[in-house]
Amino acid sequence: MAERVAAASSVVGPVTGLPPMTEPVTGPARIAEPVTTLPSSTEPITVPPPETDPVTTAAPIAEPVTTLPSKTEPVTAPSSMTEPATPPPPMPQPATPPPSPGGPIGLGWDALRDEPGPDTTRCLGLYSKLAGGVAVVTALDAHGGPTGMTVSALTSLSARPPLLLACLRGGSRTLAALRWRGAFAVSLLAEHQRAVAERFADPALPPAARCTGVPLRQVLGLPVLDEAVGWTVCLVEDVRRYGDHHTVVGRLRAVGLGGGRPLVWHDRSFHTLDHD
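This write-up is about the structure you can find in this document.

Conventions used here
Residues numbered from 1 in each chain as written. Predicted model: local features only at pLDDT ≥ 70, side-chain atom pairs only at ≥ 80, totals over all residues. Heavy atoms only, no water. Helix = DSSP H or I, 4+ residues; strand = E, 2+ residues; numbered from the N terminus. Buried < 20%, exposed > 50% of the residue type's maximum accessible area, 1.4 Å probe, protein only. Areas by Shrake-Rupley, 256 points an atom, 1.4 Å probe, with all protein chains shown as cover. Contact = heavy atoms within 4.5 Å. Pairing = 2+ DSSP bridges. 1 Å grid on protein atoms, 1.4 Å probe; cavity = no way out; pocket = protein on both sides within 12 Å on 5 of 7 lines; lining within 4 Å. Points joined across faces, edges and corners; volume = space filled by probe spheres on them. Arc of directions from axis to C-beta. Salt bridge = Lys/Arg side-chain N within 4 Å of Asp/Glu carboxyl O. Core = buried A, V, L, I, M, F, W, Y, C linked by side-chain atoms within 4.5 Å.

As for the overall build of the protein chain
- Looking only at helices and strands, one finds 9 helices and 12 strands in the protein chain.
- Of all 276 residues assigned to the protein chain, the portion counted as buried reaches 22%.
- Of the roughly 18,800 Å² of accessible surface on the protein chain, 63% is carried by carbon and sulfur atoms.

Set out below in structure tokens:
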């Protein structure tokens, strides 16, 4: 019997071997591993956020809304369009056309600019009322001979630099000579030199005849009248034509002062200053 019991115990031996059979039970745990991978299968659930990204990209769609102010900028353009409103002041200028011939004075008639003005005789009458000193402008012609003319339109122009201005008749030989040489002299006549003034003002006398018998001396190569109350030698600075005369600007290079009282031209005749 004991042997059977022992055999039975040996039969029971395989029962103790059941634990290895339970290993397959642990197998289902491995089967459960795919369950643990479900979270990875749920990862696609986290994918929707990228699907919501287009929602965030909608913001750039709103950007054109912010650019609308640029579209409204042309609204501010009228301010620049109003700038031409400032030029209208010059527009009255076209309102100065002369009236039609024979018609009444039209709108915009400017008497100062459109009237014919005084005639030559009346202007010369005004000029004759100007009192001025008498001078003789001398120069050397192309052949080196002296020439000169009497002038009363002479004035100082500047002290720094020293400049004077004389008005000479257009076409005169003296004007041509000083322009050719680029230099001239001015002699301010004394009250006793009336005959000299008349001589150099006589259009019938040729240049050589005007200087004949007149006391002259050379200063820097140019003829200067003796006994003058003052004289100067000038370089030609500028010559400009105005109507029938030319303005001559000279730069003073030498100056001489004498005595006596000046000869004066007024109302188409020579005069002397009254003594005090």
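Brief notes about the environment of V136
- Mapped onto the fold, V136 is located in strand β2 (residues 135-140).
- Taking the C-alpha atoms as reference points, V136 and A201, separated by 65 residues in sequence, lie 8.9 Å from one another.
- Dropping the residues within four chain positions of it, V136 is found in contact with M149, T150, A185, V186, S187, L189, F200 and L225.

Looking at the sheet that holds strand β1 (residues 132-133)
- Ordered in space as β1-β11-β12, the 3 strands form an open sheet in which the pairing is antiparallel. With one partner strand each, in any of the chains shown, β1 and β12 (269-272) form the two edges of the open sheet.

Focus on the layout of surface pockets
- Looking at the largest pocket, its volume works out to about 1,100 Å³.
- Forming the walls of the largest pocket are 29 residues, and the residues nearest its centre are Y127, S152, A153, H245 and W265.
- Computed from the structure, the second largest pocket encloses a volume of approximately 240 Å³.
- Taken together, 16 residues form the lining of the second largest pocket, with S156, L164, L188, T232 and L252 sitting closest to its centre.
- Where the lining of the second largest pocket is concerned, the elements lending two or more residues are β4 (154-159), β5 (162-169), β6 (183-188), β9 (230-242) and β10 (245-257).

A closer look at helix α8 (residues 194-201)
- For α8, every residue scored as buried is listed here: V196, A197 and F200. All buried residues of α8 project into a common sector of 100° when viewed along the axis, lining one side.
- Contact partners of the buried residues in α8: β2, β3 (146-151), α9 (207-211), β8 (222-225), β11 (263-266) and β12.

Description of unusual backbone geometry
- A cis amide bond links R160 to the next residue, P161, at an omega of 0°.
- Within the element layout of this structure, P161 appears in the loop between β4 and β5.
- The phi dihedral of L220 falls on the positive side, at around 55°, and the residue is not glycine.
- By the element assignment, L220 lies in the loop between β7 (216-219) and β8.
- The phi angle at E227 is positive, at roughly 65°, despite the residue not being glycine.
- Along the chain, E227 falls in the loop between β8 and β9.
- Look at E227 and you get exposed, because its relative accessible area is 54%.

Thoughts on the pattern of salt bridges
- If you walk through the whole model with that rule in mind, you get 6 salt bridges.
- Note that R194 is salt-bridged to E198, the shortest N-O span being 3.2 Å. One end of the pair is R194 and the other is E198, both in helix α8 and 4 residues apart, which spans about a single turn.
- Here E198 falls in the partly exposed class, since its relative accessible area comes to 40%.
- The salt bridge involving R251 is made with E237; its shortest N-O contact spans 3.1 Å. Of this pair, R251 sits in strand β10 while E237 sits in strand β9; the two residues are 14 residues apart in sequence, bridging distant segments of the chain.

Quick word on the nonpolar core
- Ranked by size, the top nonpolar core spans 15 residues in total, and within it V137, V151, L168, L178, F184 and V248 carry the most contacts.
- Secondary structure elements with two or more residues in this core: β2, β3, β5, α7 (173-181) and β6.

Remember that the coordinates give geometry; whether it matters functionally is a separate question.
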